[in-house]
Amino acid sequence: MAEATGGGVAKRFLYVNRKAPYGTIYGLESLEVVLIGAAFEQDVSLAFLGDGVYQLTKGQDTKGLEVKNFSPAFRALEDYDVTKLYVEERSLQVRGLTASDLVVPVQVVSAERMAEIMEGQDVILSF
Amino acid sequence: MKFGILVNEGPYTHEASDTAYQFVKAALAKGHEIYRVFFYHDGVNNGTRLTVPPQDDRNIVKRWSDLAAQHKLDLVVCIAAAQRRGLMDASEAKRNGKDADNIAPGFRISGLGQLIEAGIEADRLVVFGA
């Protein structure tokens, strides 16, 4: 599935985010991998499932938690050429959210489509 | 086949490190290559030489160290995750003004690029935990 792009061979990397942004460190440390990985010029996509969709919600206020609000960093992904963000439709719906509640433009996809997206990857990192 | 391994959980609380260890051992026994084992999140705690488990329990850290020595495995601990959690080697301890280091034999500390590289170079990257 790897394909040649420019000088080297790029692999398709998918980062799957399944956990809420705070409460555990997985969301933040997943984003750190994405930002470092962007320098490697691979074909990168991000997926958000389950409570992972909360990582993208607008209006996060973490002052009371005394932890850093890392949601603004998702807006910087475009500068790293990371533009394929997939959000699973049902995960949004059951949490009363729509794409307009999110800090960045995303593609809302069905669970079936998400499965196809996963099928098309070389490397899947799930956090 | 050439495998990359990612361990995302610390020892004892989660089974992820045990399962990763058994997977690596089995893969090596079948003649497969382990390109790298990368430790991230609380997984970095698999690399502290200061663990002292009860004598009738497995020694998870020592098991990794021994396997690394036996098969020249590349065990890499993520530097950013390690710094947060107090896992360091001698040069990191010196650089950060700490009075001790605690990394176990066979482990080395490096950046997240090593994980991406494992994803690129290995035929399969297998994730344990998280």
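Residues numbered from 1 in each chain as written. Chains lettered and ligands numbered in written order. Predicted model: local features only at pLDDT ≥ 70, side-chain atom pairs only at ≥ 80, totals over all residues.

Novice: How would you explain the overall build of chain A if you had to name every residue and give the values?
Specialist: A tally of helices and strands in chain A yields 4 helices and 7 strands. Listed by position from the N terminus, the elements making up chain A come as β-β-β-α-β-α-β-α-β-α-β. With the C-alpha coordinates of chain A rotated into their principal frame, the extents come out at 45 × 30 × 25 Å. (Helix = DSSP H or I, 4+ residues; strand = E, 2+ residues; numbered from the N terminus.)

Novice: Tell me about the pairing of strand β4 (residues 43-48) of chain A, and please be specific about residues and values.
Specialist: All names here are of chain A. With 6 of 6 residues buried, β4 lies mostly within the body of the structure. Taking every second residue as pointing to the same face, both faces of β4 are buried, with Asp-43, Ser-45 and Ala-47 on one and Val-44, Leu-46 and Phe-48 on the other. In this structure, strand β3 (residues 12-17) lies alongside β4, joined through 6 bridges in parallel fashion. Across the sheet, Arg-12 pairs through a bridge with Asp-43, a residue of β4. Crossover β3 to β4 through helix α1 (residues 26-37) is right-handed. Bridge count between β4 and strand β5 (residues 84-88): 4 bridges; the pairing is parallel. Paired with Leu-46 across the two strands is Leu-85, which belongs to β5. (Buried ≥ 20, exposed ≤ 12 C-beta atoms within 10 Å, placed from the backbone. Pairing = 2+ DSSP bridges. Right-handed = clockwise from strand over helix to strand, strands pointing away.)

Novice: So what's going on with the interface of chain A and chain B? Which residues, and what values?
Specialist: Counting residues at the interface gives 15 residues for chain A and 14 residues for chain B. Of all the secondary structure elements, the ones that give two or more residues to the side of chain A that touches chain B are α1 and β7 (123-126) of chain A. Tallied by class, the residues present in the side of chain A that touches chain B amount to 9 nonpolar, 3 polar and 3 charged. (Contact = placed C-beta atoms within 7 Å. Nonpolar A, V, L, I, M, F, W, Y, C, P; charged D, E, K, R; others polar.)

Novice: I'd love a proper account of unusual backbone geometry, names of residues and values included.
Specialist: Residue and element names in this part refer to chain B. The phi angle at Tyr-12 is positive, at roughly 75°, despite the residue not being glycine. You can see Tyr-12 is positioned in the loop between β1 (2-7) and α1 (16-29). The class of Tyr-12 is partly exposed, set by 15 C-beta atoms lying within 10 Å. Even without glycine at this site, His-41 takes up a positive phi of about 50°. Judged by the 24 C-beta atoms lying within 10 Å of it, His-41 falls in the buried class.

Novice: Go over the packing of α1(B) against helix α2 (residues 60-71) of chain B, please, and point to the residues and values.
Specialist: Residues and elements named next belong to chain B. Two elements in contact, α1 and α2, have axes whose closest approach is 11 Å; the angle formed by their N-to-C orientations is 20°. Comparing their axes, α2 and α1 come out roughly parallel. As for the relative orientation of α1 and α2, their crossing is left-handed in sense. Residue-level inspection shows Ser-17, Asp-18, Tyr-21, Val-24, Lys-25 and Leu-28 of α1 in contact with α2, the latter providing Ile-60, Arg-63, Trp-64, Leu-67 and His-71. Along the lines of polarity and charge, the residues of the contact of α1 with α2 split into 6 nonpolar, 2 polar and 3 charged. (Axes fitted to C-alpha atoms, helices over the stretch in contact; angles between N-to-C directions. Parallel < 35°, antiparallel > 145°, perpendicular 65-115°, else oblique. Left-handed = near helix turned anticlockwise from the far one by under 90°.)

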